[in-house]
Amino acid sequence: MGSKLRLCLAAGFFFILPALTMGVVSSADAQTKEVTLALDWMINGTHSPYYVALDKGYYKDAGLNVEIVRGYGSGDTVKKVAAKRATFGICDFATMVTSVIREKTPDKAVAAVYGKAMLGILYTKESGIKAPKDLEGKKLGRSASGASVNMFPAFIGANNLDRSKISEVVVDATSFLPMLLSGQVDAVLEQSIHRGRFQKAADEGGRKVTIMSMLYSDFGLRTYGNVISTHHDLIEKEPNMVRDFVQASLKGLAYAFEHPDEAMSIIAKINPQITKDRALEELLAVKATWSEDMLKAGLGYMSPEMTEISVDNIVKALKLQKPESIDLVYDNRFAK
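Residues numbered from 1 in each chain as written. Predicted model: local features only at pLDDT ≥ 70, side-chain atom pairs only at ≥ 80, totals over all residues. Heavy atoms only, no water.

Asks: Quick question: what am I supposed to make of the environment of Glu305 here?
Replies: Its location among the elements puts Glu305 in helix 15 (residues 304-318). Accessibility expressed as a relative area gives 54% for Glu305, which makes it exposed. (Helix = DSSP H or I, 4+ residues; strand = E, 2+ residues; numbered from the N terminus. Buried < 20%, exposed > 50% of the residue type's maximum accessible area, 1.4 Å probe, protein only.)

Asks: What exactly am I supposed to notice about the packing of aromatic side chains here?
Replies: Both the distance between ring centres and the angle between the ring planes are used here to describe each pair of aromatic rings. Throughout the structure, instances matching the rule amount to five aromatic pairs. Between Phe88 and Phe245 the ring centres are 4.0 Å apart and the planes differ by 10°, which places this aromatic pair in the stacked class. In this pair, Phe88 sits in strand 3 (residues 88-92) while Phe245 sits in helix 11 (residues 239-258), placing the two residues 157 residues apart along the sequence. You can call Phe88 buried: its relative accessible area is 0%. Where Phe152 meets Phe155, the ring centres are 6.3 Å apart and the plane angle is 20°; that geometry is what we call stacked. You can see Phe152 and its partner Phe155 sitting in helix 7 (residues 152-158), three residues apart, about one turn around the helix. Accessibility expressed as a relative area gives 0% for Phe155, which makes it buried. Three or more aromatic residues link up through ring pairs in this structure, and these residues are Tyr59, Phe88 and Phe245. (Phe/Tyr/Trp six-rings, centres within 6.5 Å; stacked < 30°, edge-to-face > 60°.)

Asks: How should I be thinking about the sheet that holds strand 9 (residues 211-215) in this particular structure?
Replies: Pairing is mixed across the open sheet formed by five strands, whose spatial order is 7-6-8-5-9. On the outer flanks of this sheet lie strand 7 (167-170) and strand 9, each paired with one strand and no other. Looking at each pair of strands side by side, their axes are set apart by 25° on average, direction ignored. Summarising the sheet, strand 5 (residues 120-124) and strand 9 pair through five bridges and their orientation is antiparallel. Looking at the pairing, Gly120 lines up with Leu215 of strand 9. (Pairing = 2+ DSSP bridges. Axes fitted to C-alpha atoms, helices over the stretch in contact; angles between N-to-C directions.)

Asks: Sorry if this is basic, but what is going on with unusual backbone geometry here?
Replies: Excluding glycine, residues mostly carry a negative phi; peptide bonds, for their part, are mostly trans. The residue Lys84 is not glycine, and still its phi comes out positive at about 65°. Within the secondary structure, Lys84 is located in the loop between helix 4 (74-82) and strand 3. Look at Lys104: it is not a glycine, yet its phi comes out positive at around 60°. Tracing the sequence through the fold places Lys104 in the loop between helix 5 (93-103) and strand 4 (107-112).

Asks: What is the right way to read the pairing of strand 10 (residues 226-231) from this model?
Replies: Regular strands place their side chains on alternate faces of the sheet. Along strand 10, six of the six residues are buried, which leaves the element largely enclosed by surrounding structure. In this sheet, strand 10 lies alongside strand 4 in antiparallel orientation, the contact comprising five bridges. Residue pairing for strand 10: Ala112 is matched across the bridge by Val227.

Asks: Just to check I follow, could you spell out helix 12 (residues 260-270) for this structure?
Replies: The periodicity of an α-helix, 3.6 residues per turn, causes residues three or four positions apart to be oriented the same way. Along helix 12, the residues that are buried comprise Pro260, Ala263, Met264, Ile266, Ile267 and Ala268. Residues of helix 12 that are buried sit in contact with helix 2 (48-55), helix 11 and helix 13 (276-287). (Contact = heavy atoms within 4.5 Å.)

Asks: What should I look at first to understand the confidence of the model for the protein in this one?
Replies: Fine structural detail should not be taken from predicted coordinates in areas where pLDDT scores are low. Taken as a whole, the protein shows an average pLDDT of 90; of its residues, 91% reach a score of 70 or greater. A low-confidence stretch, residues 1-8 (pLDDT under 50), is modelled with 10 contacts involving residues beyond four sequence positions or located in other chains. For the stretch residues 10-29, pLDDT sits under 50, and the model shows 29 contacts to residues farther than four places along the chain or on other chains. (pLDDT = per-residue confidence, 0-100.)

Asks: Help me understand the sheet that holds strand 1 (residues 33-38) in this model?
Replies: Either a parallel or an antiparallel arrangement is found when strands of a sheet pair, and the pairing is made through backbone hydrogen bonds. A sheet is described by the order of its strands in space; here five strands give the open sequence 2-1-3-10-4, paired in mixed fashion. Among the strands making up the open sheet, the edge pair consists of strand 2 (64-69) and strand 4. Taken over all neighbouring pairs, the strand axes of this sheet differ in orientation by 30° on average, direction set aside. Contacting strand 1, strand 3, strand 4 and strand 10, helix 4 crosses the sheet at an angle of about 150° to strand 3.

Take a look at the structure:
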């Protein structure tokens, strides 16, 4: 990590450290509370901070016994939290906001994990795609559901694309890589964290292609990415527990950013199916979403300004009714 980025991370750490200490003290003598954390997808490098918090005892020190379970897409995680089948969730902010507005689900974001969304499109440079408009006339692979799929209409609207001119092939996400490398599709709806994995597979397979990424957030849909969410009721009834969980998780996030190799060893120890090299690329992609200004405000902190921008972009692109207040979808008290 460059010295400049280290200083920025240190600045973010400076702001969250007092809260981390308060969170641990507030739960020191309390009875251990059972917590289920539902991830957004299959376990990967982006989830290493929670395993760091588990392994380092950050959750235990906060009086929390945390069980981490894999996810099946952000939409499913939002539903689990809403139904109280998960205490906390890791989900795409846009997906959560959409659900809160459309379905009246009682979810709220309490901390940001990605400084900006990594939802988007992976494509080959050789396909001739350079900008969103170039997707017209191309063949696009996508799954039936998922955060990138859910927000695709918003990306279409933000860039005035004619969706009827894009040939969409609905397949299982496991088919994205072979279909893209074989030229069966020109692009796939996939998060940018996977670009390195796709490129590595292309290189190892002797495919002379360059994998590129197009983030929705860079083309008219600037929003926060994955967030930590929980139920309104928990915020109202047990704010100290919410604070303790958020602060322990952010402590794990900061440690993982500062010690990525150790974070990979920790997550691989608990989840032997993890490929360390791939997981490391995924974690570093998360780290790259945090700008210096964001880190100065505090790692995980959702500023009112950026949250307002995120909600505005989401409701405009998806033609949703904007909530009377952004407080309906987030609470930034616990990340400070």
